[in-house]
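Each chain, written out:
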Amino acid sequence: MAAAAAGGSSSSPSDFNNNHLHLLKQIRSHEVAIAELSHLSSSRAIYQKNGNLFFRTTVPKATTFEQSQLDMAKAKLQKPDSP
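Residues numbered from 1 in each chain as written. Predicted model: local features only at pLDDT ≥ 70, side-chain atom pairs only at ≥ 80, totals over all residues. Heavy atoms only, no water.

### What to know about the overall build of the chain
1) Next: Per the secondary structure count, the chain includes 3 helices and 2 strands.
2) Next: Put simply, the chain shows about 6500 Å² of open surface, and 57% of that area lies on carbon and sulfur atoms. (Helix = DSSP H or I, 4+ residues; strand = E, 2+ residues; numbered from the N terminus. Areas by Shrake-Rupley, 256 points an atom, 1.4 Å probe, with all protein chains shown as cover.)

Take a look at the structure:
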């Protein structure tokens, strides 16, 4: 934390690369989740993790949630200045 405070508002190339790599991993994870959900019956009940808890939901609701998370991650990837 002290290193981040000493660095000021400028970020190093390695921070940018780590953030970029993290976003790419998130995008891939959401894409895999959507693909897995698409192979399930729409009437099947599933459990979706929200924080440290799992909640029972439906396949369409979970797919919609994953798609919105994917869209947000892609938007962050398009704006490299955002934290």
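### Quick notes on helix H3 (residues 59-78)
1) Next: The end-to-end C-alpha distance of H3 is 28 Å, a good match for the 28 Å that 20 residues give at a rise of 1.5 Å each.
2) Next: Every buried residue belonging to H3 is among Val59, Ala62, Glu66, Leu70 and Ala73, and all of these are buried. Viewed end-on, H3 has its buried residues packed into an arc of 75°, placing them on one side of the element. Facing away from the buried side of H3 by more than 90 degrees, the exposed set consists of Lys61, Thr64 and Gln78. (Expected span 1.5 Å × (residues − 1). Buried < 20%, exposed > 50% of the residue type's maximum accessible area, 1.4 Å probe, protein only. Arc of directions from axis to C-beta.)

### A short note on the pairing of strand S2 (residues 53-58)
1) Next: Sheet topology note: the strand S1 (residues 45-50)/S2 ladder contains 6 bridges and is antiparallel. Across the sheet, residue isoleucine 46 finds its bridge partner in S2, namely threonine 57.
2) Next: As consecutive antiparallel partners, S1 and S2 are separated by 2 residues, and within that stretch glycine 51 has a phi angle of approximately 75°, a positive value. (Pairing = 2+ DSSP bridges.)

### Concerning the pattern of salt bridges
1) Next: For the structure shown, the criterion picks out 1 salt bridge.
2) Next: Notably, a salt bridge pairs glutamate 31 with arginine 28, separated by 3.8 Å at the nearest N-O pair. Highlighted residues: glutamate 31 and arginine 28, both in helix H2 (residues 13-38), separated by 3 residues, approximately one helical turn.
3) Next: Judged by relative accessible area, glutamate 31 falls into the partly exposed class, the value being 32%.
4) Next: Residue classification places arginine 28 among the exposed positions, given a relative accessible area of 53%. (Salt bridge = Lys/Arg side-chain N within 4 Å of Asp/Glu carboxyl O.)

Geometric values such as these leave the question of function open.
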